[in-house]
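Structural characterization, general
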Protein chains: 2
Amino acid sequence: MYNYPNQKKVQNQEIVDLNNGKARGMNFEDFISQANSYYNAHNIANIHKKPTPIKIIKVVNYKETIYNKSKITEAVFDKKSTTDYNGIYKGYYIDFEAKETINKTFNIKSNLHKHQIDHLLSIKSHGGIAFILISMKYYNKIYAIDIKKLLKHQKVLVTIEFLKEQGYEVNQTNSLYLDYLKYVDDLLERKSNG
Amino acid sequence: MYNYPNQKKVQNQEIVDLNNGKARGMNFEDFISQANSYYNAHNIANIHKKPTPIKIIKVVNYKETIYNKSKITEAVFDKKSTTDYNGIYKGYYIDFEAKETINKTFNIKSNLHKHQIDHLLSIKSHGGIAFILISMKYYNKIYAIDIKKLLKHQKVLVTIEFLKEQGYEVNQTNSLYLDYLKYVDDLLERKSNG
């Protein structure tokens, strides 16, 4: 077996029940990160969060110091050209963006940039699996929805009823972690059944 | 057709003949970036360089200024846990690391971290295509080689003869750009022929 970088972290980490209130202090991104660490460590999938794009303006060479490390002293956040997460699962290329809202509806325009939507549609055209993972905090529900299905919604504000109907709920009570790949399993099963 | 973020850049960019010396000033990474822009713009593949992982230490909120942008004033380079490039081509998950050397041999140990090798082997185990793109500057040759084939080499220093035999040469004179996906085409063709 190979040595996965995140393995140790997962083993030391208490797996929490998402719906039992034990997960206080963990945010949506932490749950996804925990799931990815679990997937990677158990050789289920290899999915990572892409680093935040940063435009470096000034770097100071700290070779003289005890740190022996270069230090960035000036940088700005760069525009994301793609999505937050990608990787591989069961031979499929997986690509998704994760968004959380405290509102009763999900605002497509304010949550997704045009180039991110274009990116996900391009992934689909190449045979990949492209979706949005939406945390509807007001309802304490998380949905995965295919990018094309989400765009079927003609209005900017997406209701929870639409997500229930067109999406897949992933925060099931019997999961020990945010097992969002269940959405992909469901997708592949429906695909193979025509 | 969708609007790809990089399309404009490619159209305005002079496509240079790699082997005719017109490409002065462009480095190895620029060539890969140019190829990826071309692939993306022409809907051939969707492959991106992952941003450099950075650990942000201090951020100053510049809301008061005319820039209206947060500014990072302290950060360090983080350890890469994966590889530089990934994406999708013909439905396949593609993952690779690009390395250049001016030496007569390619040093596996100094060019590849253990966790990067582990990452590429994991990608292969999930059904993806994982390789190293090596620029042997001394010979003015570029090779793509499957991670498992590279590791077959028992010694740390890989010779150009080994790369010629086990790898695939991608800097062909008839290419207008660094068409490294020809390696994947070759791989898929040999796969389908058993």
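Above this text you will find the structure in question.
So, here is what we can say about the structure in this document. Keep in mind that what you see is a predicted model, and the values were worked out from it rather than measured. (Residues numbered from 1 in each chain as written. Chains lettered and ligands numbered in written order. Predicted model: local features only at pLDDT ≥ 70, side-chain atom pairs only at ≥ 80, totals over all residues. Heavy atoms only, no water.)

Across the boundary between the two partners, chain A contributes 43 residues, which contact 44 residues of chain B. Buried area between chain A and chain B, summed over both chains or domains, comes out near 3,600 Å², and the portion from carbon and sulfur atoms is 64%. Linking chain A to chain B there are two salt bridges. Note that lysine 71 of chain B is salt-bridged to glutamate 74 of chain A, the shortest N-O span being 3.2 Å. Broken down by secondary-structure element, the contributors of at least two residues to the side of chain A that touches chain B are strand S1 (45–49), strand S2 (54–60), strand S3 (71–77), strand S4 (85–89) and helix H4 (114–125) of chain A. With eight residues, H4 of chain A is the largest single contributor of residues to the side of chain A that touches chain B. Residues of the side of chain A that touches chain B, tallied by class, amount to 18 nonpolar, 19 polar and six charged. (Contact = heavy atoms within 4.5 Å. Buried area = accessible area lost by both parts, 1.4 Å probe. Salt bridge = Lys/Arg side-chain N within 4 Å of Asp/Glu carboxyl O. Helix = DSSP H or I, 4+ residues; strand = E, 2+ residues; numbered from the N terminus. Nonpolar A, V, L, I, M, F, W, Y, C, P; charged D, E, K, R; others polar.)

Residues and elements named next belong to chain A. If you trace the six strands from one edge of the open sheet to the other, you get S1-S4-S5-S7-S8-S10, paired in mixed fashion. Because the sheet does not close on itself, it has two edges, and the strands there are S1 and strand S10 (168–169). The sheet contact formed by strand S8 (residues 141–146) and S10 spans two bridges and is antiparallel. Residue pairing for S10: tyrosine 143 is matched across the bridge by glutamate 169. Across the sheet, helix H2 (residues 28–41) is in contact with S1, S4, strand S5 (92–101), strand S7 (129–136) and S8; its angle to S1 comes to roughly 150 degrees. (Pairing = 2+ DSSP bridges. Axes fitted to C-alpha atoms, helices over the stretch in contact; angles between N-to-C directions.)

Note: α-helices contain 3.6 residues per turn, so residues at a spacing of three or four share the same orientation. Residues and elements named next belong to chain A. Helix length check: H4, at twelve residues, gives a terminal C-alpha distance of 16 Å against a target of 16 Å (1.5 Å per residue), a fit within 8%. Burial analysis of H4 places nine of its twelve residues in the buried class, which makes it a mostly covered element. Within H4, the full set of buried residues consists of His115, Gln116, Ile117, Asp118, His119, Leu120, Leu121, Ser122 and Ile123. Positive backbone phi, at 95 degrees, marks glycine 127, one or two positions downstream of H4. (Expected span 1.5 Å × (residues − 1). Buried < 20%, exposed > 50% of the residue type's maximum accessible area, 1.4 Å probe, protein only.)

Counting residues in hydrophobic clusters, the biggest one holds 42 residues, and the most contacted among them are Ile132 and Leu150 of chain A together with Ile132 and Leu150 of chain B. Those residues in contact with leucine 150 of chain A, other than ones at most four positions away along the chain, are Phe106, Ile108, Leu112, Ile132, Ile145, Val158 and Phe162 of chain A. (Core = buried A, V, L, I, M, F, W, Y, C linked by side-chain atoms within 4.5 Å.)

Right, let's talk about the pairing of strand S7 (residues 129–136) of chain B for a bit. Residues in a regular strand point their side chains to alternate faces of the sheet. Residue and element names in this part refer to chain B. Within S7, eight of the eight residues are buried, which leaves the element mostly enclosed by the surrounding structure. By the alternation rule, side chains of S7 split into Ile129, Phe131, Leu133 and Ser135 and Ala130, Ile132, Ile134 and Met136, which are all buried. Note: strand S5 (residues 92–101) against S7, eight bridges, orientation parallel. Pairing of glutamate 100 across the sheet is with serine 135, part of S7. Relative to strand S8 (residues 141–146), S7 runs antiparallel, the two sharing six bridges. Counted as the bridge partner of leucine 133 is alanine 144 from S8. In this antiparallel pair of consecutive strands, S7 and S8, the connection spans four residues, and asparagine 140 shows a positive phi of 55 degrees.

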